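Each chain is listed here by its residues.
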Amino acid sequence: FWVLNTASKTQTYKRIPGPTGVPFLGNILQLGKQMHIQFCKWSKQYGDIYEVKLGTQRAVVISNPKWVKEIFSTDTAFSGRSRIQCFEMYPDTPFALGIVSSEGEFWETHRRFLLRQLRDFGFGKSYMEQLVLEEVQEVIERFRKTKGKSVSDLKSVFVLAVINSLWTILTSKRFQHDDPKLNTLVENLHKVLFDLVETGGMIMFIPWIGRILPEWSGYNKLRKVVEDNRSFLEEAVKEHKDAFQEHNLRDFIDVYLNEMNKTVDTTSPFYGETAEQHLVAALGDMFGAGTDTTSTTLTWGILYIIKFPGVQSKFQQEIDLVTANSRNVSVNDRSSMPYTSALIEEILRYSSIVPGGVQHRATEDKVFKGYLIQKDTWIFPNLYHIHYNPEIWGDPEAFRPERFLSEDGKVFKKNENLMPFQTGRRQCVGESLARDTVFLFLTNIFRTFTIHFDSNAPKPPVDPMGLILSPQPFSVVMNERS
Ligand code: HEM
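Summary of the structure given here. Nothing here was measured: the structure is a model prediction, and the numbers come from that model.

Quick look at the overall build of the protein now. Secondary structure assignment for the protein yields 19 helices and nine strands. Against the 2.2 N^0.38 benchmark of 23 Å for 482 residues, the protein shows a C-alpha radius of gyration of 23 Å, consistent with a compact globule. Along the three orthogonal principal directions, the C-alpha set of the protein runs to about 80 × 60 × 40 Å. The buried share of the protein, taken over its 482 residues, is 55%. Contacts in the protein between residues far apart in sequence, at least 24 positions, make up 72% of those at least 6 positions apart. Total accessible area computed for the protein in this model is approximately 22,300 Å², and 53% of it derives from carbon and sulfur atoms. Distance from the positive charge centre (56 side chains) to the negative charge centre (57 side chains) of the protein: 4 Å.

Written as structure tokens, this is what we have:
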């Protein structure tokens, strides 16, 4: 029956090409530590779409940017998410909670609610900009104190600073940049994700390995970090429940609790214990998705600006022109800063920190471009390949912000093939915040300092590393501009 069923399904559709794997492991052993590099090699061999097996999990990888847009925008069947329970705060619930991992009506309702509340609380408005600028100022003061001495771990300086504006809106609290407990929490999270890549990401693709070899596979360490995070966030929700006043809704948590209190329909996504667990998971998503990504992008930004000749001086010239070197740069200046806009696009392209995107799940059998994509298949957009495709960019290996400018260099030109935040129904909810944060941090830091590599420190190795592609540590010296 299975043979007949499969044959009848494949007969009328084009066959999806792809590399041959081995039983149980599929193509995992071919992936190596830099999965995105192998994804690019396969796309050269197999074209716009190919199929791989990650353990026993079937996945298709799409490398044509127009197809990526189409598949994630048009059909809800391609907007699902696969459960990877080892990452979940509540792995025993019947379906995944939070925003990143949930799907269907539950996800849609909560994503809409989150976006509306964030907007109402000031997302993308001048209040938010003010909050970001306060963080920028604190980071600048911290750099000032180094007085021309070497600074070696930029990312750790940025990691809590970039989330604080959002955290204020969500919880009415901000973190001290050097809060030891929080920094340990974040470091552990990053370390555990890094170690996962070292073991080929096995527990994501072959869940039973985590149960059989919990130590070797990194499962135990991962669970410890996830549970520490959960306790920290549950505490924040508990404090809000204890202090809750219906007439004084201070932040996102309060508004969410209010919605829960009003809900009597037991089938509503806002009802009962599940809804409260969702709130904790959603806060975890914001924290997880917002800290590492933005701080890594900023760190890459500084590395590229000082590494590639001429970039820092052009950038500073534009900053000085706009501010007359007498005030902070604000997001309103962006429209008069074409070089800066182009520079940030090039940083996003060149770093491509989420190289294989975040995979979606096909929630039913569906035909796409004549190929049958079967239910439960994972769909990866091959973002790194798209961002480094010579047919699109000409000279992708060159760091050249000018590719996003008109010929006379005066007008910023968007390129729709750049999609670091992915695209379509699940497109990153933090895109505008991340863009504003990167813009305000970089412009105001380079308004204040000229930065170069510390000539006494070893040259930084160039290969990016980790699940979120991060630069290897490098040391810089910051000199205050006159
Ligand atoms: C440079 C910074 C960032 C990059 C490159 C980035 C990239 C991405 C990507 C590629 C996705 C997957 C979208 C999809 O599945 O179609 C995503 C989803 C998401 N991002 Fe970001 N992100 C960044 C910053 C942020 C920030 C600051 C937040 C905090 C609000 C955030 C929150 C989320 C959430 C909640 C999702 C899940 C959306 C959903 O599944 O509906 N991200 N991001």
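Moving on from the model shown.
What follows covers the coordination of the iron atom of the ligand. Of the protein atoms, Cys428 (SG) alone serves as a donor to the iron atom of the ligand, at 2.3 Å. Note that Cys428 resides in the loop between helix 18 (390-393) and helix 19 (431-448).

Let us now look at the pairing of strand 9 (residues 476-480). Two elements, strand 3 (residues 150-151) and strand 9, share two bridges in a ladder whose sense is antiparallel. Each bridged residue has a counterpart across the sheet, and for Val151 the counterpart in strand 9 is Val476. Pairing of strand 8 (residues 449-453) with strand 9, which is carried by five bridges, proceeds in the antiparallel orientation. When the bridges of strand 9 are listed, Ile451 appears paired with Met478.

Conventions used here
- Residues numbered from 1 in each chain as written.
- Predicted model: local features only at pLDDT ≥ 70, side-chain atom pairs only at ≥ 80, totals over all residues.
- Heavy atoms only, no water.
- Helix = DSSP H or I, 4+ residues; strand = E, 2+ residues; numbered from the N terminus.
- Rg over C-alpha atoms; globule rule 2.2 N^0.38 Å.
- Buried < 20%, exposed > 50% of the residue type's maximum accessible area, 1.4 Å probe, protein only.
- Contact = heavy atoms within 4.5 Å.
- Areas by Shrake-Rupley, 256 points an atom, 1.4 Å probe, with all protein chains shown as cover.
- Lys, Arg positive; Asp, Glu negative; His and termini not counted.
- Charge placed at Lys NZ, Arg CZ, Asp CG, Glu CD.
- Donors = N, O, S within 2.8 Å, 3.2 Å for Na, K, Ca; no water.
- Pairing = 2+ DSSP bridges.

Everything listed is a geometric property; what it means functionally is a separate question.
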